Amino acid sequence: MPAPFPMTVPARLAVAAAAVALAASACGGAPAESRPAAAATATATAGPSGSAIRLDRPLPKPELTLTDDEGRPYDLVERTAGKPVLMYFGYTHCPDVCPTTMADIANAVKGLPDSEQRKLQVIFVTTDPARDTPKRLHAWLAAFDSRFIGLSGDFAAIQKAARGLGIAVEKPEKTAGGDYEVTHGAQVLAFSPSDDKVHLIYTSGTTTKQYAADLPELIGGTA
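Residues numbered from 1 in each chain as written. Predicted model: local features only at pLDDT ≥ 70, side-chain atom pairs only at ≥ 80, totals over all residues. Heavy atoms only, no water.

J.: I'd like to hear about unusual backbone geometry, residue by residue, with values.
T.: One non-glycine residue, Asp196, lies in positive phi territory at about 60°. A relative accessible area of 21% means that Asp196 is categorised as partly exposed. (Buried < 20%, exposed > 50% of the residue type's maximum accessible area, 1.4 Å probe, protein only.)

J.: Which residues make up helix H6 (residues 134-142), and what values do they have?
T.: Of all the residues in H6, the buried ones are Leu137, Trp140 and Leu141. All buried residues of H6 project into a common sector of 95° when viewed along the axis, lining one side. Exposed residues on H6 whose side chains face more than 90 degrees from its buried face are Lys135 and Ala139. The inward-facing, buried residues of H6 contact helix H4 (97-110), strand S6 (121-126) and strand S7 (149-152). (Helix = DSSP H or I, 4+ residues; strand = E, 2+ residues; numbered from the N terminus. Arc of directions from axis to C-beta. Contact = heavy atoms within 4.5 Å.)

J.: Now, about the pattern of salt bridges: what can you tell me, with residues and values included?
T.: Counted by the stated rule, this structure contains six salt bridges. Asp196 is paired through a salt bridge with Lys61; the nearest N and O atoms lie 3.4 Å apart. Of this pair, Asp196 sits in the loop between strand S10 (188-191) and strand S11 (197-202) while Lys61 sits in the loop between strand S2 (52-60) and strand S3 (65-68), and the two are 135 residues apart along the sequence. We classify Lys61 as buried; its relative accessible area is 11%. Between Arg131 and Asp128 there is a salt bridge; the shortest N-O distance is 2.6 Å. The class of Arg131 is partly exposed, set by a relative accessible area of 24%. (Salt bridge = Lys/Arg side-chain N within 4 Å of Asp/Glu carboxyl O.)

J.: How would you sum up the packing of H4 against helix H8 (residues 208-220)? Please name residues and give values.
T.: Between two packed helices, both the angle of their axes relative to each other and the distance between the axes serve to describe the pair. Running from amino to carboxyl end, H4 crosses H8 at an angle of 50°, the nearest separation of the two axes being 8 Å. One way to sum up the angle between H4 and H8 is to call them oblique. In terms of crossing hand, the pair formed by H4 and H8 is right-handed. Residues Thr101, Asp104, Ile105, Asn107, Ala108 and Val109 of H4 touch H8, and the partners they reach there are Thr208, Tyr211, Ala212 and Leu215. Class assignment of the residues belonging to the contact of H4 with H8 gives a composition of six nonpolar, three polar and one charged. (Axes fitted to C-alpha atoms, helices over the stretch in contact; angles between N-to-C directions. Parallel < 35°, antiparallel > 145°, perpendicular 65-115°, else oblique. Left-handed = near helix turned anticlockwise from the far one by under 90°. Nonpolar A, V, L, I, M, F, W, Y, C, P; charged D, E, K, R; others polar.)

J.: An account of the nonpolar core is requested, with residue identities and associated values reported.
T.: One finds Leu86 and Met102 to be the most contacted residues of the largest nonpolar core, which totals 32 residues. Listing elements by their share of this core, those giving two or more residues are strand S5 (85-90), H4, S6, H6, S10, S11 and H8. Considering every element that reaches this core, the biggest residue donor is H4, with seven residues. Not counting chain neighbours up to four residues away, the residues in contact with Leu86 comprise Ile105, Leu120, Gln121, Val122, Ile123, Val188, Leu189, Ala190, Leu215 and Leu218. One finds Leu59, Ala161, Leu165 and Leu189 within the second-largest nonpolar core, a separate group that totals 25 residues. (Core = buried A, V, L, I, M, F, W, Y, C linked by side-chain atoms within 4.5 Å.)

J.: An account of the pairing of S6 is needed here, citing residue identities and associated values.
T.: Of all the six residues making up S6, six are buried; the element is thus mostly covered by neighbouring parts of the structure. Along S6, one buried face is formed by Gln121, Ile123 and Val125 and the opposite face, lined by Val122, Phe124 and Thr126, is buried too. As judged from the six bridges shared by S5 and S6, these two strands associate in the parallel manner. Within S6, the position partnered with Gly90 by the bridge is Thr126. Both S6 and S7 contribute to a ladder of three bridges, which runs parallel. Counterpart to Val125 in the pairing with S7 is Leu151. (Pairing = 2+ DSSP bridges.)

As structure tokens, then:
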């Protein structure tokens with residue numbers, strides 16, 4: 001697997017830089033022609049804590065039905081309607097970016113009042129469904145927070161949903177050495193409960209403190 005390529009573009013940068021940030025990938029660069037169209041057209045300003053990109057044109061939640069980490073069908077639109085959601089596309093064998101991101105989110109969630117913790121939905125969508133079975137997702141996510149939801153299923157459906165949100169995802173490829181090269185965007189998408197759309201996108205490197213500063217507003221639908 002190639003060396004990680006995390007995004008480092010601060011959310012406070014200008015619109016052009018924000019658009020470039022959406023196209024960056026975590027575990028290998030995606031060819032320019034394969035990058036999501038949404039990434040090339042997004043315009044943005046800084047989010048509430050300065051750590052997130054606030055989209056001027058919020059993105060709708062994709063129609064996506066997968067299998068959750070309990071082995072049950074999960075209709076994303078139906079199950080998360082009217083709820084604050086953080087969603088990340090990654091894979092459990094990821095050596096660095098994915099576990100770090102989930103740990104930062106989990107630590108931020110733990111600092112919330114119980115009532116707010118219960119409202120927030122944190123969803124991890126695998127970009128490596130051949131290896132990330134529901135059972136594996138369940139065990140991996142439990143190390144961060146047992147309430148986190150893991151989704152697996154048809155890769156084409158996952159890729160289509162990700163690209164519609166401006167996230168670069170490529171089909172995993174087995175290398176000559178027997179390892180896997182998995183390319184996926186490193187961004188965390190924040191869906192507002194007010195309209196079920198993505199208003200904020202957190203770049204790779206967002207800290208626990210920065211998530212914690214924004215979560216109350218996200219949960220309240222005012223972020």
